[in-house]
Amino acid sequence: MSIKGFLSNLVGKKIVMAVTGMFLLFFVLVHLLGNSSIYLGPDGINNYTQKLQSMPLFVWLFRFFMITVFIIHVYFGFLLYLENKNAKPDKYAIKKSLRATFASKNMIWTGLVVFGFLLYHLLHFTFRVISIERLNLDFMQRPDVYSMVIQGMTEVPSIVLYFFGLLALMFHIFHGFQSLFQTLGVLSEKMHPGLINFSKLFAFFVFLSYSLIPAVIIAGILR
Amino acid sequence: MMNLTLLVWRQKNANDKGRFEKYEAKNINHEMSFLEMLDVVNEELIKEGKEPIAFDHDCREGICGMCSQVINGVPHGPLEKTTVCQLHMRHFKDGDVIYIEPWRAKAFPIIKDLIVDRSALDRIIQAGGYISVHTGGVPDANAILIPKEDADAAMDAAECIGCGACVAACPNGSAMLFTAAKVMHLAKLPQGKIEAFRRVCLMTEAMQKEGFGACSNHYECQAACPKGIKVSFISGLNREFIKAQLRSK
Ligand code: FES
């Protein structure tokens, strides 16, 4: 099958979703790991930022790769959403969901919320056009990401947006994580129930561990 | 004996808009099957000089896959692993209100009332759901060795009666469970393996061409399947598809 044939095949498109979704999931974990350096105080996260800034080629290649993966994921997500909707034009008067979950039925919406949240997050901390004006240097001449995050996480509107963004991400991962194994054909009958439970647990873990950062800041443990 | 209120989808033909019509089903014996209950209602309609409700059925013993009704929002009704023809009225109670709708999917145009055109499934089979290599005469028993798990899996997949409940249940109107059952039934056996890669590509292409959606892993299909076909066969189809891609490169 040619690349074109693969990308127009409905299983091919699902595989594209699964593979890009897998990379995005990796990113979520890598980002979480990087963020966790904030628990070490200014020395942790400011050092981490300085390290990253000292290898711009790597950082830009990584960003370019993630953006490409993200765009592909969004594009095929929309495509499949529209095609699938088109395949079921008439709705039932009554339809009981037997297995479908809130998460599985709302992938497009939770995905869109995550998309919006991501834009806000980039404007907030990466481009700093929302509330933070510039990134100062700390006393060791490192970019003071620590103070920036502490400041950013004490603004109520941001906190609310982060909460909903993470909630949407949780639901998205809850369906997406196990879905990716099914689509890549590695799921056997025996693994199935276990993986669905693990998927829920994993999504909740992502939600909790990301929320822990603002929670700790609000509680005044990090300041 | 019980009395029921039915809300049945009536539609003259594919172009008609269709609507629900209300019927009272009186003096229904709880030992009747759901289709026999509809027969009783139809008798009354005929007596009144009205058009009887058109619905598909053939074997009435759960093996042909012709009966196709969504009952109170569930394809084949509330009982798990049961076709409409094998669903008995003892699972309902006196005074129940029952909604009866046809399978709904773009690939299944309505012919009349509860009857839909499911020939799209046949065309998926025609695209590759067969074996065209020479398999010779009937082999001696155990001349071709097949691991027990493979033989079991092939038999499980072969249980699919092609009724289309998976499509009816799927929010995307996808025929993935059906196609997966047919693909895996043959891919598990030595005679079917030879054309397995070609088959999975052709059948999934045909499925798309017929206007079925893609699988979003909602797993509604497995819950609705009267034969309990497992979604792990869909995982198997995906695996076959990926193998086919790697092979052709
Ligand atoms: S009529 Fe044959 S399966 Fe129901």
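Source: prediction; values computed, not measured.

A.B. asks: When you look at the packing of helix α4 (residues 56-86) of chain A against helix α6 (residues 107-126) of chain A in this model, what are you seeing that I'm missing?
C.D. replies: The relative placement of two packed helices is expressed as an angle between their axes plus a distance between the axes. Residues and elements named next belong to chain A. At a minimum axis separation of 11 Å, α4 and α6 run at an interaxial angle of 150 degrees. The orientation of α4 relative to α6 falls into the category roughly antiparallel. The element α4 and its partner α6 pack so that their crossing is left-handed. Residues F70, G77, F78 and Y81 of α4 touch α6, and the partners they reach there are I108, W109, L112, F115 and L118. Looking at the contact of α4 with α6, its residues break down into eight nonpolar, one polar and no charged.

A.B. asks: Is there a simple way to think about the layout of surface pockets in this case?
C.D. replies: The gaps of empty space that remain are located by a probe, the size of a water molecule, rolled over the atoms. Roughly 470 Å³ of internal volume is contained in the second largest pocket. Lining the second largest pocket are 21 residues, and of these E189 of chain A together with A153, D156, S232 and F233 of chain B sit closest to its centre. Those elements giving two or more residues to the lining of the second largest pocket turn out to be α3 (148-158) and α9 (232-248) of chain B. Per-element accounting of the lining of the second largest pocket gives the leading share, five residues, to α3 of chain B. Counted by class, the lining of the second largest pocket contains five nonpolar, four polar and 12 charged residues.

A.B. asks: Mind showing me how you'd approach the packing of aromatic side chains here?
C.D. replies: Working definition: an aromatic ring pair is given by the centre-to-centre distance plus the angle between the planes. Within the structure shown, the criterion is met by 21 aromatic pairs over all chains. With centroids separated by 5.2 Å and ring planes inclined at 70 degrees, the aromatic side chains of F177 of chain A and F181 of chain A adopt a geometry described as edge-to-face. In this pair, F177 of chain A and F181 of chain A both sit in helix α8 (residues 156-183), four residues apart, roughly one turn of the helix. The class for F181 of chain A is partly exposed, based on a relative accessible area of 26%. Each ring, one from F20 of chain B and one from Y99 of chain B, has its centre 5.4 Å from the other, and the planes form 80 degrees; the classification is edge-to-face. Taken together, the residues F20 of chain B in strand β2 (residues 19-28) and Y99 of chain B in strand β5 (residues 97-101) connect sequence positions 79 residues apart. When its relative accessible area of 25% is taken as the criterion, F20 of chain B is described as partly exposed.

A.B. asks: Please clarify how the pattern of salt bridges should be interpreted in this entry.
C.D. replies: Under the defined criterion, the tally for this structure stands at 20 salt bridges over all chains. Here K230 of chain B ties to E189 of chain A by a salt bridge, and the two come within 3.4 Å at their closest N and O atoms. With K230 of chain B in the loop between α8 (220-224) and α9 and E189 of chain A in the loop between α8 and α9 (192-218), the pair connects residues from two separate chains. Assessed through its relative accessible area of 28%, K230 of chain B is described here as partly exposed. Under the relative-accessibility criterion, E189 of chain A is labelled partly exposed at 44%. A salt bridge links R60 of chain B to D39 of chain B, with the nearest nitrogen and oxygen atoms 2.8 Å apart. With R60 of chain B in the loop between α1 (34-47) and β3 (70-71) and D39 of chain B in helix α1, the pair connects residues that are 21 residues apart, well separated along the chain.

A.B. asks: What exactly am I supposed to notice about the confidence of the model for chain B here?
C.D. replies: Note that predicted coordinates carrying low pLDDT should not be read in detail. With 99% of its residues at a pLDDT of at least 70, chain B reaches an overall mean of 95. ipTM for the predicted complex: 0.91, alongside a pTM of 0.93.

Conventions adopted
- Residues numbered from 1 in each chain as written.
- Chains lettered and ligands numbered in written order.
- Predicted model: local features only at pLDDT ≥ 70, side-chain atom pairs only at ≥ 80, totals over all residues.
- Heavy atoms only, no water.
- Axes fitted to C-alpha atoms, helices over the stretch in contact; angles between N-to-C directions.
- Helix = DSSP H or I, 4+ residues; strand = E, 2+ residues; numbered from the N terminus.
- Parallel < 35°, antiparallel > 145°, perpendicular 65-115°, else oblique.
- Left-handed = near helix turned anticlockwise from the far one by under 90°.
- Contact = heavy atoms within 4.5 Å.
- Nonpolar A, V, L, I, M, F, W, Y, C, P; charged D, E, K, R; others polar.
- 1 Å grid on protein atoms, 1.4 Å probe; cavity = no way out; pocket = protein on both sides within 12 Å on 5 of 7 lines; lining within 4 Å.
- Points joined across faces, edges and corners; volume = space filled by probe spheres on them.
- Phe/Tyr/Trp six-rings, centres within 6.5 Å; stacked < 30°, edge-to-face > 60°.
- Buried < 20%, exposed > 50% of the residue type's maximum accessible area, 1.4 Å probe, protein only.
- Salt bridge = Lys/Arg side-chain N within 4 Å of Asp/Glu carboxyl O.
- pLDDT = per-residue confidence, 0-100.

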